[in-house]
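# Inside the fold
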Amino acid sequence: MNTLDDPLKVVSGLEPAALNSLAEDGYRRNRHDDLAMMAAEGHSPATDGSHRARAAQRWMFAKPRWSLAAVGLAAAAAAAVAVAALPAGHPAPVGGHPPAASPSAVTASGFLLTSAEVAARSSEAAGTYWYVKERHYDGTAAAKVGKSVGESKNKKGSYKDFGAMYASTEESWTGQRRARTIVNEDPVFTFASEADKARWESAGRPPLMTAAGPGVTKPVTSDYTMTFRWGVGSGQLTLAEVRKLPTTAAKLHKVFLLMWNREPDKAGAVGLKNPTFTQYLVAWAAQLLDGPARVGTKAALYRLLAEQPGINLVRDLTDPLGRTGVGIGDGAGDYLIIDPGSAQLIDYVAHPVQPDSTVRGVGVSEYIASGWTNHLGVAP
Amino acid sequence: MDDPLERFAGVYDTYYRNVLRYALQHAEQGTAEDVASETFLIAWRRFPAIPEPPLPWLLGVARNMLRKQAGAVQRRRALTDRIAALTARADGFVVDAGDFVVERAAALDALASLSEHDVEALTLVTWHGLNPAQAAEVVGCSVRAFTVRLSRARQRLTKALQSADHDPAQGRAAPFRSPSPSTMGK
């Protein structure tokens, strides 16, 4: 008789042996560089206790993975980009171009092709740092107020769960080898219900986690001296590699298809159990349309998306900032929201949406501004 | 030992593999290594003001980073797909849990039928060797809440395994349910 007294034994038996070998391998390869990075940074013990863990969607480390050379298309990269003057102020305002991508062209394919034409008419520019200002809406929970080395051992910690949401703005400057982030700007906390808020208040308003640490209400600036990448799953491109991406749909398709075929963990890369190539492309679009890709690449990406099956269109979506755009869905409930006037990506929404509605709640990312600048800390 | 980096290297040497093992459970190798390295860089910036023992705090930092990394496309993670991807033929066809023997595929199916929170609770106390208090710190809930979560996860897994045992022809389980905002950890 097959009797089970403790299911934890089954879980233990499922532990892959590869975890230990991969961890050991990673430790041996990374130890020297990691400690060297710390040594180069020097040591200034944190005095404010702020938790500086910021895991932005594009922050990755200088470990070579896919490169255009690896996919054999470096020679296919276009000639030198014509460098225009940096924008004097803000990047091109949303909706500031002659409207061409009318959502009355009801098919997703039609809208995407029109967006390609609009995008292709944008001014090409370049600079040292790609700047992005974005606002995210995430779930959060009460943080621990606990003891640490040096604190009184009598001080005890406590945790509470609440249905809290945290919205904050982030700015980032990303160069080829340097970057700066400012996180936790304009933080706002809300609760799923009045009852949840009452529980939090009754508990003494314990500090809620933010991008800058528990209960931190001020922005935190972090500087990095490493290479950051844009990408999905194993496919990770440096700023220079993003700039070299092809400007035709056919060649861009070849690049992404090669990365897709080489991706060892497609489900993990896209976040779906059985993702399609279309969904993989939409994930890339979320990275590149608000990224430092050339105008031609963005236009080509729109044309490539227009050719894909399984994409749906949802009209008249308004974001929390009051901007209205067209939703392009990947068939699994995630949406890019695109301004039809400029073909700029203005939002990413990780939940289903309804036409003629306002998108809100956990899983919304608003892209407020982006562009090139030559100075860290200075917006375009 | 007065040099802070030398002292911190001891923390790194002791816990890096633990953090990387945790990250590998949730992300492909390159991303997992980046998360592990960034976790220790953050710890270095706070050192020596990191909690003692540091492992639950380190895993909590990595967990937060992994959730935000997933937030790039703001999706739920197929945790058992990662486990399946890491499982090699050498891991065996059968899981032997004392008097209970089950095919690895059936056991994975049973695990896949649970919520992401359930799987996380079960793997934190088994694969990562944390006690309930430490695991509660990682996920950002009270010890009592975690103990209840673990107990329910064990019950649900037991039911799923026994159901599979009685009906080996049972099809693949339903996919994960995303955690609700009210239960999302730090």
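What comes next is a walk through the structure.

### Re the packing of helix 3 (residues 108-120) of chain A against helix 9 (residues 295-306) of chain A
All names here are of chain A. At a closest axis distance of 8 Å, the pairing of helix 3 and helix 9 adopts a crossing angle of 170°. On the basis of the axis angle, helix 3 is roughly antiparallel to helix 9. Counting all contacts with helix 3, which are made through Ser109, Leu112, Leu113, Ser115, Ala116, Ala119 and Ala120, the residues of helix 9 involved are Val295, Ala299, Tyr302, Arg303, Leu305 and Ala306. By residue class, the composition of the contact of helix 3 with helix 9 is 10 nonpolar, two polar and one charged.

### Points about the packing of helix 1 (residues 7-14) of chain A against helix 6 (residues 116-126) of chain B
Where helix 1 of chain A meets helix 6 of chain B, the closest approach of the two axes is 9 Å, and the angle between their N-to-C directions is 80°. Looking at the two axes, helix 1 of chain A sits roughly perpendicular to helix 6 of chain B. Counting all contacts with helix 1 of chain A, which are made through Leu8(A), Val11(A) and Ser12(A), the residues of helix 6 of chain B involved are Leu122(B), Thr123(B), Val125(B) and Thr126(B).

### Looking at the pairing of strand 14 (residues 364-373) of chain A
Residue and element names in this part refer to chain A. The buried count for strand 14 comes to nine of 10 residues, which makes it a mostly enclosed element. As judged from the nine bridges shared by strand 1 (residues 129-140) and strand 14, these two strands associate in the antiparallel manner. Residue pairing across strands places Tyr137 opposite Val364, the latter belonging to strand 14. Here strand 12 (residues 345-349) runs beside strand 14; their pairing, made up of three bridges, is antiparallel. Note that in strand 14 the partner of Asp347 across the bridge is Glu366.

### Digging into helix 6 (residues 249-262) of chain A
Taking 1.5 Å as the rise per residue, helix 6 of chain A with 14 residues should run 20 Å; its terminal C-alpha atoms sit 20 Å apart, in good agreement. Tucked into the core, helix 6 of chain A has its buried residues touching strand 8 (235-238), helix 7 (266-270), helix 8 (277-288) and helix 9 of chain A.

### As for the pattern of salt bridges
All names here are of chain A. Considering all chains together, one arrives at 15 salt bridges over all chains under this definition. Residue Arg180 pairs with Asp223 through a salt bridge whose shortest N-O separation is 2.6 Å. With Arg180 in strand 3 (residues 179-191) and Asp223 in strand 6 (residues 220-224), this residue pair connects regions lying 43 residues apart in the sequence. When the shortest N-O distance is used, the salt bridge between Arg199 and Asp196 registers 3.0 Å.

Calculation criteria
Residues numbered from 1 in each chain as written. Chains lettered and ligands numbered in written order. Predicted model: local features only at pLDDT ≥ 70, side-chain atom pairs only at ≥ 80, totals over all residues. Heavy atoms only, no water. Axes fitted to C-alpha atoms, helices over the stretch in contact; angles between N-to-C directions. Helix = DSSP H or I, 4+ residues; strand = E, 2+ residues; numbered from the N terminus. Parallel < 35°, antiparallel > 145°, perpendicular 65-115°, else oblique. Contact = heavy atoms within 4.5 Å. Nonpolar A, V, L, I, M, F, W, Y, C, P; charged D, E, K, R; others polar. Buried < 20%, exposed > 50% of the residue type's maximum accessible area, 1.4 Å probe, protein only. Pairing = 2+ DSSP bridges. Expected span 1.5 Å × (residues − 1). Salt bridge = Lys/Arg side-chain N within 4 Å of Asp/Glu carboxyl O.

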